[in-house]
Amino acid sequence: MDFLKNVGYIDGQTQLVGIIGSPVAHSLSPEMHNAAFAHMGLNWRYVPLLVRPDQLAAALKGLAALNFRGVNVTVPHKVAAIQLMDSVTEAVMVAGAVNTIRIDGGSGRLEGMNTDMTGFLADLASHKIRINEGTRVIVLGAGGAARAIGAGLTRSGANVIFVNRTPERAAQLVEFLKASWSTGTLGMAHIADLPAISEGINLIVNATSVGVWPNVDETPWPENIPMPKSAIVYDTIYRPRHTLFMKQAEKAGLMAVGGIGMLTYQGAAAFEMWTRQKPPLEMMRMVCEQRLGD
Ligand code: ATR
């Protein structure tokens, strides 16, 4: 039975989780979670599941019927999944998206969650970046990532200014967050206003997709505008690990943080929701770092 040595050990007890999206082939999550399961000695497996938009409802029903324990949700299903859940956490309502589903083993009920906001806040804390009422932040972008990040910052009482290519989306996001939270101070500005609003900024977050592989020569921060000396720069992009936006910051003598930490924390949060075990955070981060290389 030597040939069985090369087969990952799967038996009648194996528990299944995965990621649904289209595409899913580039996802780092299968390696991150499977390494974590192996490390913890858990008989669980995480599989990529390509699901077309018109098949989302059928796929979710099927996952529950097949006794999957949960899934991560990625593009393009994060918003559409909300109405297919049996229950959602408050974070889902705030972020306007589901990125993790827990499936109840007995009833098959689908519980929608969002770990992006807590993942972002946990990663800031791990870098000793403190957010409080005096903190001044520029968030570049006004899409799904900006919404989760903006919610986390607003909840922490920060003063947040959104700058987006399409200003109407930034205005809508500000209105939404104002209606959701009484803490924080919110505003929006145009890219041309960056020099004027940069004074005293503590944190600049890239929540756009500008600079993501393969467009590694792009940056959301115009090259001709100096970055404020007081700021720490945070890029939610993790592919490449070292974005042009981060390089600009380092050239200006600023600290720059990439998106691997946020990716790891949101993955770790999902691991914990599914298995009820403390996630092996450091090794999950190492798997991502190794896979992404330099
Ligand atoms: P996500 O859920 O990852 O945030 P999204 O909702 O599509 O994805 O949002 C992508 C963000 O990146 C938006 O803020 C988008 O700006 P627009 O609202 O103007 O579309 C921003 N973005 C994407 N490509 C961009 C580009 N080439 N230049 C500037 N901003 C860009």
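Residues numbered from 1 in each chain as written. Predicted model: local features only at pLDDT ≥ 70, side-chain atom pairs only at ≥ 80, totals over all residues. Heavy atoms only, no water.

## Observations regarding the site of the ligand
The condition is simple: Only a single heavy atom is needed: when it lies within 4 Å of a molecule or strand, its residue is near that molecule or strand. Any pair of nitrogen or oxygen atoms within 3.5 Å is treated as a polar contact; in protein, a donor-acceptor pairing is required on top of that, and neighbouring residues in sequence qualify only through side-chain atoms on both sides. Computed with a 1.4 Å probe, the accessible areas rest on the Shrake-Rupley method; for each residue, only the protein chains presented here act as cover. Gly is put with the polar residues, along with every residue not named as nonpolar or charged; the nonpolar set is Ala, Val, Leu, Ile, Met, Phe, Trp, Tyr, Cys and Pro, and the charged set is Asp, Glu, Lys and Arg.
Taken together, Gly141, Ala142, Gly143, Gly144, Ala145, Asn164, Arg165, Thr166, Arg169, Thr208, Ser209 and Val210 make up all the residues around the ligand. Taking alanine 145, its main chain carries an N or O atom lying 3.0 Å from an oxygen atom of the ligand. Between an oxygen atom of the ligand and a side-chain N or O atom of asparagine 164, the distance comes to 2.7 Å. Against a free-state accessible area of 640 Å², the protein chains account for coverage of 62% of the ligand. Grouping the constituent residues of the shell around the ligand by class yields three nonpolar, seven polar and two charged.

## Comments concerning helix H8 (residues 244-251)
Note the cut-off: The cut-offs for exposure are 20% and 50% of the maximum accessible area for each residue type, with area from a 1.4 Å probe on protein chains only; residues under the lower value are buried, those over the upper are exposed, and the others partly exposed. Runs of H or I in DSSP of at least four residues are treated as helices and runs of E of at least two as strands, each being numbered from the N terminus. The directions from the helix axis to the C-beta atoms are what the arc is built from. A contact between two residues is defined here by any heavy atoms of the two lying within 4.5 Å.
Within the sequence span of H8, burial applies to Phe245, Met246, Gln248 and Ala249. Seen end-on, H8 carries its buried residues on one side only, within an arc spanning 155 degrees. Of the surrounding secondary structure, the elements contacted by the buried residues of H8 are strand S7 (136-140), strand S10 (203-206), strand S11 (232-235) and strand S12 (256-257). Following H8 by one or two positions, glycine 253 has its phi on the positive side, about 85 degrees.

## A closer look at the environment of methionine 283
Mapped onto the fold, methionine 283 is located in helix H10 (residues 281-292). Remark: the alpha-carbon pair of methionine 283 and methionine 32, spanning 251 residues in sequence, is separated by 8.3 Å. Filtering out sequence-adjacent residues up to four positions away, methionine 283 remains in contact with Ala35, Ala36 and His39.

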